[in-house]
Each structure stands twice: as C-alpha cells, then as structure tokens.
Amino acid sequence: MAEIIDGKKISQDIKDEVKEKVAALREKGIETSLAVILVGNDPASTVYVGNKKKACEYTGIRSLSYELPEDTTEESLLQLIDKLNADDTVNGILVQLPLPKHIDESKVIRRISPDKDVDGFHPESVGRLSIGEKGFVSCTPAGIIELLKRSNTELSGAEAVVIGRSNIVGKPMAILLLRENATVTVCHSKTRDLREVCKRADVLVVAIGQPEFIDNTYIKEGATVIDVGIHRKGDGKKLCGDVDYEKAFPVAGKITPVPGGVGPMTIAMLMYNCYQAALMQNDLV
C-alpha cells in the first residue's frame, strides 16, 4: 500500500515559510510584490488568478491585478509589461495563460524581464536552468522536486522516468531531476515499449495529458509516482489525474493524489519565486 504524498500540507508549509521570510524583508523596509495580468474571462484562468491573489494575501506579498478585456491588443499588453518591467516596486510579473488567439504568447513571454519572470517561462530562464545558473524555475516542476524531497524520496542514483516533454513540465522536470543526480529518461508519444521503460523507474513523473492512462502495469513495485494531470471525469464532478489511482495505489511505494497532490504546489512555488525575486532585485543573494 502506498504512502500518500500530501501536496496540500507541503504547499502550506512552503507558504508559511515564505510568509515568515516576506515579513523579515518587510522589517528591513523591503516590500515584495507580484503583478498578475489576466486578459479575457476564461473561467479556469479566472479561478487560478483568484487563487494566486489569496496566496499573495496569505504570504504578505502585495498583489497588483490587471484584468484586461478580451479584445485587448497585443501592443497594449506589451506596453503594460514594459511599464511593469521598469517599475522598481514590482518584483514579479505573471501573464495568465492561455491568451486570446490574436495575441502571440511567445512574444508576450519574451517581453517579461528575465529578472521578474516568476513563472520561469522566458527562454533566458530556461537557459539558466539548463546550464545550472541561478534563475527562476517553472513552478510545477519546482514544486514536484519539493514534494519528492519533503517526502524523503531518495533521488541521488535513482532511475527517474518523466512521461511528457512539454516546455512547462516535462523538459524542466528532467533537468531538475538530473540536478539531483537521478538517471533520467524522458518518454513521449514516440517512445517504444512505454510500459517497459516505466517499469524501470524508481520515480515516475506522469504528465501525459490523458486521464487515468497509467495503471499498475506501468509501475515498478515500491516506486514513487507523481501525477501531474488533472481532468474531469465523465460526470463532470469528480477529478482524476493521468494515473489510474485505484490501480496504482496498491503497487506504488508513494503516490500523489488528484486533487491535493501536485496542484497546490504550483502556487506555493510561485510565492517562493516572488520572494526570491525580491532578494535578487535588492542584491541580497
């Protein structure tokens, strides 16, 4: 029977730690702030932005909210980013994705200063991660590393398999696991014998984007299974991940549930990145 890795508790621990650190900076006269830009009224994005505001309020980070109409032009959005880049009172800038189709996401991500890129999506942030320099790491893979470390999962020398090669999760996840001295295999839609590759893994990170795709037949006995996916089941009420939790649970050594596993970690790590941005911009690291 698997040990459940409690993402709610671990994310709360991280937010509590950030809250203390942000308060200590305030005592030195340094305010920590995050600007969040939302274009349009996508329901899921609106919920995410609301959750980010609550996390800012809890940790003591000043939240600046820019809610722009759906028909906002690309140029006016870029001008707003330029203004926030130049504002020394703003530590982090986050543009909620996805953007309306008439706006080029890549251009918007590249316009954010790498020193304020708390999402870790700018090519310079990705480059820094790749060569081991200090910089921002995208929040979901950074959160997964915290889940693994804080659940006492041995990474050094472990065989790790990441299913999925997206720029936001799969690729940075592989680099972070390499940093922890794991031996890493990245699987994708063209991988041969996916089941056999997965069964070698001591640590299996699943970001495949297909509901309950990975069952017990893909999992090595005692492996740690991290489920990045989130989907609504047929009835629209229940949530599930990319892993068939009921089948995986008896085989895995440790497992993240959905919901309550990886999800809460993303916002906790965003708060941590904002704190790091304040340190860097005040020459404290």
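Note that the coordinates shown come from a computational prediction; the quantities given were computed from them, not determined experimentally. (Residues numbered from 1 in each chain as written. Predicted model: local features only at pLDDT ≥ 70, side-chain atom pairs only at ≥ 80, totals over all residues. Heavy atoms only, no water.)

## Overview of helix α5 (residues 123-131)
Turning to step 1, where the next piece is worked out: Among the residues of α5, Ser125, Arg128 and Leu129 are the ones counted as buried. Each buried residue of α5 lies within a common arc of 100° when the element is viewed along its axis, so the set occupies one face.
Turning to step 2, where the next piece is worked out: Considering only its buried residues, α5 is in contact with α7 (170-179).
Turning to step 3, where the next piece is worked out: In the stretch just after α5, Gly132 is the one whose phi turns positive, near 80°. (Buried < 20%, exposed > 50% of the residue type's maximum accessible area, 1.4 Å probe, protein only. Helix = DSSP H or I, 4+ residues; strand = E, 2+ residues; numbered from the N terminus. Arc of directions from axis to C-beta. Contact = heavy atoms within 4.5 Å.)

## Section: the sheet that holds strand β1 (residues 3-4)
Turning to step 1, where the next piece is worked out: The parallel open sheet is built from six strands, whose spatial order is β1-β11-β8-β7-β5-β6. Two strands lie at the open edges of the sheet, namely β1 and β6 (183-187), each paired on one side alone.
Turning to step 2, where the next piece is worked out: As judged from the two bridges shared by strand β8 (residues 224-227) and strand β11 (residues 254-255), these two strands associate in the parallel manner. Residue pairing for β11: Val225 is matched across the bridge by Ile255.
Turning to step 3, where the next piece is worked out: Contacting β5 (159-163), β6 and β7 (203-206), α7 crosses the sheet at an angle of about 170° to β5. (Pairing = 2+ DSSP bridges. Axes fitted to C-alpha atoms, helices over the stretch in contact; angles between N-to-C directions.)

## Concerning the side chain of Lys52
Turning to step 1, where the next piece is worked out: Its location among the elements puts Lys52 in helix α2 (residues 43-59).
Turning to step 2, where the next piece is worked out: Of the side chains with opposite charge, Asp119 lies nearest to the buried Lys52, which makes no salt bridge, at 5.5 Å.
Turning to step 3, where the next piece is worked out: Engagement of the side chain of Lys52 in a polar contact is seen with the side chain of Gln96, the distance being 2.6 Å.
Turning to step 4, where the next piece is worked out: With near-sequence residues (within four places) excluded, Lys52 lies in contact with Leu94, Gln96, Ile267, Leu270 and Met271. (Lys, Arg positive; Asp, Glu negative; His and termini not counted. Salt bridge = Lys/Arg side-chain N within 4 Å of Asp/Glu carboxyl O. Polar contact = N/O pair within 3.5 Å; in protein donor to acceptor, adjacent residues only side chain to side chain.)

## Quick notes on the pairing of β7
Turning to step 1, where the next piece is worked out: Of the two faces of β7, the one carrying Val203 and Val205 and the one carrying Leu204 and Val206 are both buried.
Turning to step 2, where the next piece is worked out: Pairing analysis gives four bridges linking β5 to β7, with the strands arranged parallel. Bridge pairing in β7 places Ile163 opposite Val206.
Turning to step 3, where the next piece is worked out: Examined bridge by bridge, β7 and β8 share four bridges and lie parallel to one another. Paired with Val203 across the strands is Thr224, a residue of β8.

## A word on unusual backbone geometry
Turning to step 1, where the next piece is worked out: Here the bond from Leu97 into Pro98 is cis, since omega is 0°, no more than 30 degrees from zero.
Turning to step 2, where the next piece is worked out: Of note, Pro98 is situated in the loop between β4 (92-95) and α4 (105-111).
Turning to step 3, where the next piece is worked out: The linkage connecting Val258 with the following residue, Pro259, adopts the cis geometry, with an omega of 0°.
Turning to step 4, where the next piece is worked out: Its location among the elements puts Pro259 in the loop between β11 and α10 (263-281).
Turning to step 5, where the next piece is worked out: You will see that Asn152, though not glycine, has its phi angle at about 60°, which is positive.
Turning to step 6, where the next piece is worked out: Assignment of secondary structure puts Asn152 in the loop between α6 (139-150) and β5.
Turning to step 7, where the next piece is worked out: Using a relative accessible area of 69% as the deciding quantity, one classes Asn152 as exposed.
Turning to step 8, where the next piece is worked out: Residues other than glycine seldom take positive phi values, yet Asn181 does so here, at roughly 70°.

## Brief notes about the layout of surface pockets
Turning to step 1, where the next piece is worked out: Taken as a whole, the largest pocket holds about 1500 Å³ of empty space.
Turning to step 2, where the next piece is worked out: Mapped onto the lining of the largest pocket, the elements with two or more residues apiece are α1 (7-27), α2, β4, α6, β9 (231-232) and α10.
Turning to step 3, where the next piece is worked out: The greatest single-element share of the lining of the largest pocket, amounting to eight residues, is contributed by α2.
Turning to step 4, where the next piece is worked out: Among the residues making up the lining of the largest pocket, the classes are represented as 24 nonpolar, 15 polar and nine charged.
Turning to step 5, where the next piece is worked out: Within this model, the second largest pocket holds a volume of roughly 540 Å³.
Turning to step 6, where the next piece is worked out: Lining the second largest pocket we find 26 residues, and of these Gly135, Val137, Arg179, Tyr272 and Gln276 sit closest to its centre.
Turning to step 7, where the next piece is worked out: For the lining of the second largest pocket, the secondary structure elements donating two or more residues are α1, α5, α6, α7 and α10. (1 Å grid on protein atoms, 1.4 Å probe; cavity = no way out; pocket = protein on both sides within 12 Å on 5 of 7 lines; lining within 4 Å. Points joined across faces, edges and corners; volume = space filled by probe spheres on them. Nonpolar A, V, L, I, M, F, W, Y, C, P; charged D, E, K, R; others polar.)

Functional significance is not addressed by these values, which are geometric in nature.
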